[in-house]
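Residue-level structural notes
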Amino acid sequence: MDAISAPVAGVKIVQASWRDLKSLVALEKICFGRDAWPWMDILAALTFPEMVHLIATASGQIVGFVAGDRRGREGLAWISTLSVHPDFRRLGIGRELLQRAEEELGMDRIRLTLRASNRAAFDLYRQLNYQIVDIWRNYYRDKEDGLVMEKVRR
Ligand SMILES: CC(C)(COP(=O)(O)OP(=O)(O)OC[C@H]1O[C@@H](n2cnc3c(N)ncnc32)[C@H](O)[C@@H]1OP(=O)(O)O)[C@@H](O)C(=O)NCCC(=O)NCCS
């Protein structure tokens, strides 16, 4: 795994692999609780050829994860997950992971969804020029609405 960049001292952004599955299942549970992906979805994100998947590491520990995929027919890409371990938040790691994923996806339009109440994610996405383009009513299991946000890169 070659390091791509270091957003903050000691943190590296590198390609994820199936070997990271166990650590990512744990990170997903810590970061998303009831919304956590099952391990099979994480494995798919790590192995499907069309998926972009990056991790942030600090001292060999995985502290962040982003995955997304290109949907050529729709003319856009979707970020399907983004998470940073609570001990490593507000250091710019989430922003760096997202920007790296956007670059690697290489599409003009990028979309993602978030809980309407997720202030941290909403502020991050606004900072990176995502705009609300749709609201999926009752999208989550507990009926909370999902916000669909889109960024046009060029
Ligand atoms: C959302 C998440 C990925 C942000 O990761 P992070 O590494 O802490 O974010 P960054 O440090 O890169 O923050 C970038 C910007 O996002 C916004 N932001 C991040 N956390 C915030 C918070 N708790 N409250 C308000 N704004 C916040 C700020 O604008 C911040 O810029 P600033 O620090 O210069 O003010 C992280 O909080 C997380 O993993 N949450 C749980 C999982 C989740 O909700 N993922 C998104 C699902 S759609």
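In this text, all values refer to a predicted model and were calculated from it rather than measured experimentally. (Residues numbered from 1 in each chain as written. Predicted model: local features only at pLDDT ≥ 70, side-chain atom pairs only at ≥ 80, totals over all residues. Heavy atoms only, no water.)

Notes on the packing of helix α1 (residues 21–32) against helix α2 (residues 39–47)
- Between α1 and α2, the least distance of the axes is 10 Å, while the angle of their chain directions is 125°. Judged by the inter-axis angle, α1 sits oblique to α2. As α1 runs across α2, the sense of the crossing is right-handed. Contacts between α1 and α2 involve L21, L24, V25 and E28 from the former and W39, I42, L43 and L46 from the latter.
- Across the contact of α1 with α2, the residue classes break down as seven nonpolar, no polar and one charged. (Axes fitted to C-alpha atoms, helices over the stretch in contact; angles between N-to-C directions. Helix = DSSP H or I, 4+ residues; strand = E, 2+ residues; numbered from the N terminus. Parallel < 35°, antiparallel > 145°, perpendicular 65-115°, else oblique. Left-handed = near helix turned anticlockwise from the far one by under 90°. Contact = heavy atoms within 4.5 Å. Nonpolar A, V, L, I, M, F, W, Y, C, P; charged D, E, K, R; others polar.)

Re the site of the ligand
- Neighbouring the ligand are 21 residues, the closest being L82, V84, G92, G94 and N118.
- Between L82 and the ligand, the recorded distance is 2.8 Å, taken from a backbone N or O atom to a nitrogen atom.
- Within the side chain of R89, one N or O atom sits 3.4 Å away from an oxygen atom of the ligand.
- Protein chains shield 79% of the accessible area of the ligand, which is 910 Å² for the free molecule.
- Breaking the shell around the ligand down by element, the ones donating at least two residues are α1, β5 (76–84), α3 (93–105), β6 (109–115) and α4 (119–127).
- When residues of the shell around the ligand are assigned to their parent elements, the largest contribution, six residues, is made by α4.
- Broken down by class, the residue content of the shell around the ligand amounts to 11 nonpolar, six polar and four charged. (Near = heavy atom within 4 Å. Polar contact = N/O pair within 3.5 Å; in protein donor to acceptor, adjacent residues only side chain to side chain. Areas by Shrake-Rupley, 256 points an atom, 1.4 Å probe, with all protein chains shown as cover.)

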